[in-house]
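If you want the building blocks of each chain, they are given just below.
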Amino acid sequence: MNIDLTNKVALVTGASRGIGRATAIRFAQSGADVIVNYVTSRDAAETAANEIIQLGRRAWIIKADVSEKEDVEMMFEFICNEIGHLNILVSNAATGGFRPLLTASNKNFDAAFHTNVLALMYLVQSAMPLLEKGTTRGKVITISSHGAIAGLPMYGLVGASKAALESLVRHFTLEIGDRGVNINVVRAGLVATDSSRRLPNADKLFNDQINFTQVGERILLPEDVANTILFLASPLSDMIQGETITIDGGAAIRGA
Ligand SMILES: NC(=O)c1ccc[n+]([C@@H]2O[C@H](COP(=O)([O-])OP(=O)(O)OC[C@H]3O[C@@H](n4cnc5c(N)ncnc54)[C@H](OP(=O)(O)O)[C@@H]3O)[C@@H](O)[C@H]2O)c1
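Conventions used here
Residues numbered from 1 in each chain as written. Predicted model: local features only at pLDDT ≥ 70, side-chain atom pairs only at ≥ 80, totals over all residues. Heavy atoms only, no water. Pairing = 2+ DSSP bridges. Helix = DSSP H or I, 4+ residues; strand = E, 2+ residues; numbered from the N terminus. Axes fitted to C-alpha atoms, helices over the stretch in contact; angles between N-to-C directions. Contact = heavy atoms within 4.5 Å. Buried < 20%, exposed > 50% of the residue type's maximum accessible area, 1.4 Å probe, protein only. Salt bridge = Lys/Arg side-chain N within 4 Å of Asp/Glu carboxyl O.

Asker: Explain the sheet that holds strand β4 (residues 88-91) to me, and be specific about the residues and the numbers.
Answerer: The strand order across the open sheet built from seven strands is β3-β2-β1-β4-β5-β6-β7, with neighbouring strands paired in parallel fashion. What marks the edges here is a single partner per strand, and that holds for β3 (59-63) and β7 (244-247). Direction aside, neighbouring strands of the sheet carry axes that sit 20° apart on average. Of the pairings in the sheet, the one linking strand β5 (residues 138-145) to strand β6 (residues 181-188) comprises eight bridges and is parallel in character. Across the sheet, I143 pairs through a bridge with V186, a residue of β6. Strands in contact with helix α2 (residues 42-54) are β2 (33-38) and β3; relative to β3, the strand with the most contacts, it is inclined by about 165°. Each of β4, β5, β6 and β7 is contacted by helix α7 (residues 222-233), which is oriented at about 165° to β6, the strand it contacts most.

Asker: Give a description of unusual backbone geometry that names residues and reports values.
Answerer: One non-glycine residue with positive phi stands out, namely N7, at about 75°. Residue placement: N7 occurs in the segment before β1 (9-12). Note on N7: relative accessible area 61%, which makes it exposed. Non-glycine residue M154 carries a positive phi angle of around 65°.

Asker: Before we move on, can you summarise the pattern of salt bridges with the specific residues and values?
Answerer: Here the structure, examined in full by the defined rule, presents 12 salt bridges. A salt bridge links K69 to E73; the shortest N-O distance between them is 3.1 Å. Pair noted here: K69 and E73 are both in helix α3 (residues 69-83), with a separation of four residues, about one helical turn. In this structure E73 comes out as partly exposed when scored by relative accessible area, which is 38%. Taking the shortest distance from any N to any O, the salt bridge between R187 and E166 comes out at 2.8 Å. Remark: E166 occurs in helix α5 (residues 156-176) and R187 occurs in strand β6; sequence separation between them is 21 residues. Since its relative accessible area comes to 11%, R187 is described here as buried.

Here it is in structure tokens:
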């Protein structure tokens, strides 16, 4: 079976850049219409939406800060009123900043947990009425990282938020699985994007990557992560539920 998302509507949060953008484009290449969410990068969101339209699909651009309940509710008001259905939700947007836990503030903690964890709760709560009324299973996918289970330098707040995110997904499964919706996590290895370029020693981490992966010289690209998300958004994954799937070229088996 090929992956064909014709007649499906997908919302991708943080689709203006990085992995979210690659996912939005991959969905459009597979036939889906895509809602491009962003918070600051209007031009980048427009460029992504234009690319989707050039692929022959419909695209909508919605500015919404996913860490704010009111913004998420406004976004869904638009989706309900103007589009009327939603089959796939990708909760991709994240933030956090890379800093030591010893100097992190409550504000830093709240920023990481509101955008990286609470947003999923707001999004699923708002999306459920649409996701569960589709003729095929609704799909929710969110993105985690190795920091959920490993200790990485300067990554404490983001890592802890990703651990909470993975747990939230398992618990959501109990509530939405029998209502026609699958929810899963993609745990991605290091991908060169605007946010990962701000990691301390980013260049060294990117250069060292091939020493940890088991796929020759190939490095992990946003499109590789998008392909895993695409699989979880498709009917091929209907029996995968509450899971975390790793895509990292095999780096995790060496503890990276
Ligand atoms: N890159 C990696 O190595 C890596 C590895 C594992 C997991 N991940 C995860 O993959 C996901 C995407 O990361 P990335 O590296 O692709 O990020 P990125 O290139 O820095 O892009 C972040 C995206 O999120 C949006 N965003 C940030 N805060 C938002 C908010 N409050 N509301 C709505 N949108 C918001 C940004 O929108 P604007 O453009 O409008 O600011 C942008 O589109 C994240 O969940 C990240 O934790 C990344």
